[in-house]
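# Analysis of the macromolecular model
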Amino acid sequence: MTEKSVTSTRDIVVVGAGFAGMYLLHRLRGLGFNVRVFEKASGVGGTWYWNRYPGARCDVRSLDYSYSFDPELEQEWEWTEKYATQPEILKYANHVAERYNLWPDMQFNTAITSAIWDDARKRWTITTDKGDVVGTQHFVLAVGTLSTPKLPEIPGIETYKGATYQTSLWPHEGVDLTGKRVAVIGTGSSAIQSIPLMAKQAQQLTVFQRTPNFSVPAGNRALTKEEVVAVKSNYREYRQRAKESRGGVPIDFTPIPMFSVDEDKQQEILENSWDAADFARFLASFEDILINKKANDVVSDFVRDKIRSLVKDQEVAEALCPYDHPLGTKRPCVDTDYYATFNLEHVRLVNLRKTPITEITPVGINTTDEQFEFNVIVYATGFDAMTGSLLKIDIRGKDGIKLSDQWKDGPTTYLGIAIANFPNLYTVTGPQSPSVLSNMMVSIEQHVDWLTDLFVSMRNNGQTVIEATQKAQDEWVAHSSEVGNMTLYPLANSWYMGANVPGKPRVFLPYLGGVGPYRELCNEVASAGYKGFSIA
Ligand code: FAD
Ligand code: NAP
């Protein structure tokens, strides 16, 4: 690519106008950088723009899942429910874009398709599907971790003649399922949120389950004035506790080891956690749930008993009980009436462990022992998580090296922010950072703030190029996998491990060291003059 064909130049190009891209733009533009955000959707919000399926909502409390960077914003915005709905979060994203006048520097309906590093000029050349060719010093990938939807690999999928929908690409105008015979494939968070609502409309709902998941009740409700005041009157201190916590959400108690108390006490603590209706709190019931298999068994048994008590038909209940992974090693789900939905006459569970799908036909779905006919198939089959959207872009670093080649055995990064051989390229909430294991708002703000400080520091020092050293990256990857291997997470076939995408290397993708300790490590790197990077 020659400089001639470049149609515009920037200090910083950002891909994605989700919460990460929006905050990047706000901070960097405020510091005088010339920034352009490219977004393939027609609006802001990222996840909350795309995932419009019935029941889509946050499962981190709304007072936690929001920006903390501006005390005025957090005081003026009023969340209405404990867990915000997708429309409310999208409204919030639009409010932020409006309030900080982000619109002029964001370009919508435009996908970045390639990024080529020019070692002579020390700049990136970015190409879009609309023909833009942009030269930029820094290139920030705020592409999201759950932003590349995935269809299942089922023979005949393309032959189906009825209507099909993906939860992650739900039509903006909604879908009327009244009187329809509907199939849902998948039982992850998206399915578990949407199934009870789809069941309210559909004439018949058949759920195809390959792996049951653990789900805890949402206990969603309107926020009371008193609890909003309680948080807002002390928001600064509350946010600080979130930043120092392990998961990006303050927890009001210190967990103890499971076997430091007797069985009755264990059950009492678990009952209290169940009633608190909050998965982060539930996972924190005891300090060793995710590292001690025996402790995990106690909690898993507790939830399986809950499932048996909620579902009338005990054969169905048993099919809904997860046994193949320790609780928490796949992202736990949060639901409103999910298990009770299987008590309805017109809702049926097909256990694919017993009778796998053999093919999708023009009229429906065949399993090893039945042929089903449907008007609608809903795919709630997840994402190519954490690396999907990064690798969709043709990214070439020093000496033309392709990111997809460098990552053929799995992603390797320094701090989940930078990649050796790819100077001046940054990932927000990238692999080997806490990312999806946290309240993402906290992790997004931390990465954006860290990057902002870096860009200012480089500008102040007259530096133009920064690159993670191979040594620092190798050490970080080794540390990240060592921490992961101390836990039960690798025991699950989860998207955290890349296990849901055939051929994807099996690597534990996020960093398990905790949001607070990770922040300290990043701060130490910066204070030591960006230790582990070469800067010129
Ligand atoms: P995204 O919101 O994914 O935005 C990335 C944007 O980049 C997208 O708009 C995408 O279109 C754009 N993009 C990607 N590639 C390109 C390209 N090549 N060119 C142009 N544009 C591109 N997290 C929590 O902490 N709590 C929750 O309760 C929670 N619930 C969730 C529910 C659902 C249904 C899903 C899918 C995720 C959920 N998450 C949750 C994770 C959620 O993704 C993050 O909280 C957060 O919204 C991510 O923001 P982001 O800006 O990093 O990425
Ligand atoms: P997911 O958790 O990956 O679930 C996908 C489901 O599809 C799984 O049950 C999977 O089964 C099934 N599946 C995939 N391929 C299949 C096949 N060929 N045949 C049968 N079943 C198949 O995806 P998701 O539900 O969209 O959630 C992804 C993540 O987004 C969540 O973990 C969470 O982080 C986030 N999210 C959060 C919320 C929230 O409550 N705030 C809501 C939605 C999403 P297997 O398990 O057997 O692979």
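Right above here is the structure, for reference.
Report on the accompanying structure.

Rules used in this analysis
Residues numbered from 1 in each chain as written. Chains lettered and ligands numbered in written order. Predicted model: local features only at pLDDT ≥ 70, side-chain atom pairs only at ≥ 80, totals over all residues. Heavy atoms only, no water. Pairing = 2+ DSSP bridges. Helix = DSSP H or I, 4+ residues; strand = E, 2+ residues; numbered from the N terminus. Axes fitted to C-alpha atoms, helices over the stretch in contact; angles between N-to-C directions. Salt bridge = Lys/Arg side-chain N within 4 Å of Asp/Glu carboxyl O. 1 Å grid on protein atoms, 1.4 Å probe; cavity = no way out; pocket = protein on both sides within 12 Å on 5 of 7 lines; lining within 4 Å. Points joined across faces, edges and corners; volume = space filled by probe spheres on them. Nonpolar A, V, L, I, M, F, W, Y, C, P; charged D, E, K, R; others polar. Expected span 1.5 Å × (residues − 1). Contact = heavy atoms within 4.5 Å. Near = heavy atom within 4 Å. Polar contact = N/O pair within 3.5 Å; in protein donor to acceptor, adjacent residues only side chain to side chain. Buried < 20%, exposed > 50% of the residue type's maximum accessible area, 1.4 Å probe, protein only. Right-handed = clockwise from strand over helix to strand, strands pointing away.

Let us look at the sheet that holds strand β13 (residues 357-360). Read across the sheet, three strands follow the order β13-β14-β15 without closing on themselves; strand pairing throughout is antiparallel. Two strands close off the open sheet at either side, each with one partner strand: β13 and β15 (371-373). Pairs of neighbouring strands in the sheet enclose a mean axial angle of 20 degrees, with direction left out of account. Two elements, strand β14 (residues 364-367) and β15, share three bridges in a ladder whose sense is antiparallel. Bridged to Asn366 within β15 is Gln371.

On inspection of all chains with the given rule, the structure shows 27 salt bridges. Between Arg331 and Asp59 there is a salt bridge whose closest N-O contact spans 2.7 Å. Here Asp59 lies in the loop between α2 (47-50) and α3 (71-76) and Arg331 lies in the loop between α11 (314-320) and β11 (333-335), a separation of 272 residues in the sequence. Across the pair Lys265 and Glu268 runs a salt bridge whose closest N-O atoms are separated by 3.3 Å.

Further remarks concern empty space enclosed by the protein. Tallied over the full model, the rule gives four cavities of 30 Å³ or more. If you add up the space inside the largest cavity, you get close to 100 Å³. Elements with a minimum of two residues in the lining of the largest cavity: α7 (235-244) and α15 (440-460). Ranked by the residues each element gives to the lining of the largest cavity, the list is headed by α7, at four residues. Partitioning the lining of the largest cavity into residue classes produces four nonpolar, four polar and five charged.

Here we come to helix α8 (residues 263-276). Relative to the 20 Å expected for 14 residues at 1.5 Å per residue, α8 spans 20 Å between its end C-alpha atoms, a close match to the ideal helical length. Along its buried surface, α8 packs onto β10 (215-217), α9 (279-283) and α10 (293-310).

Moving on to the site of ligand 1. Not every one of the 33 residues close to ligand 1 is listed here, only the nearest: Glu39, Thr47, Asp59, Tyr65 and Met440. At 2.6 Å, a side-chain N or O of Thr47 approaches an oxygen atom of ligand 1. For the shell around ligand 1, the secondary structure elements donating two or more residues are α1 (19-30), α2 and α15. Counting residues per element, the shell around ligand 1 draws most heavily on α2, at three residues. Its residues placed into classes, the shell around ligand 1 shows 19 nonpolar, eleven polar and three charged.

The next thing to look at is the layout of surface pockets. Empty space among the atoms becomes visible once a probe the size of a water molecule is rolled across them. Space inside the second largest pocket adds up to approximately 430 Å³. Lining the second largest pocket we find 22 residues, and of these Arg61, Asp64, Tyr238, Pro250 and Asp252 sit closest to its centre. For the lining of the second largest pocket, a count of residues per class yields ten nonpolar, two polar and ten charged.

With four of five residues buried, strand β8 (residues 181-185) is to be regarded as a mostly interior element. Examined bridge by bridge, β8 and strand β9 (residues 204-209) share five bridges and lie parallel to one another. Paired with Val182 across the two strands is Leu205, which belongs to β9. Tracing the backbone out of β8, into helix α5 (residues 189-201) and back to the parallel element β9 gives a crossover that is right-handed. Taken together, the four bridges between β8 and strand β16 (residues 376-379) define a ladder with parallel strand orientation. Across the sheet, Ile185 pairs through a bridge with Tyr379, a residue of β16.

Any link to function would need more than the numbers given here.
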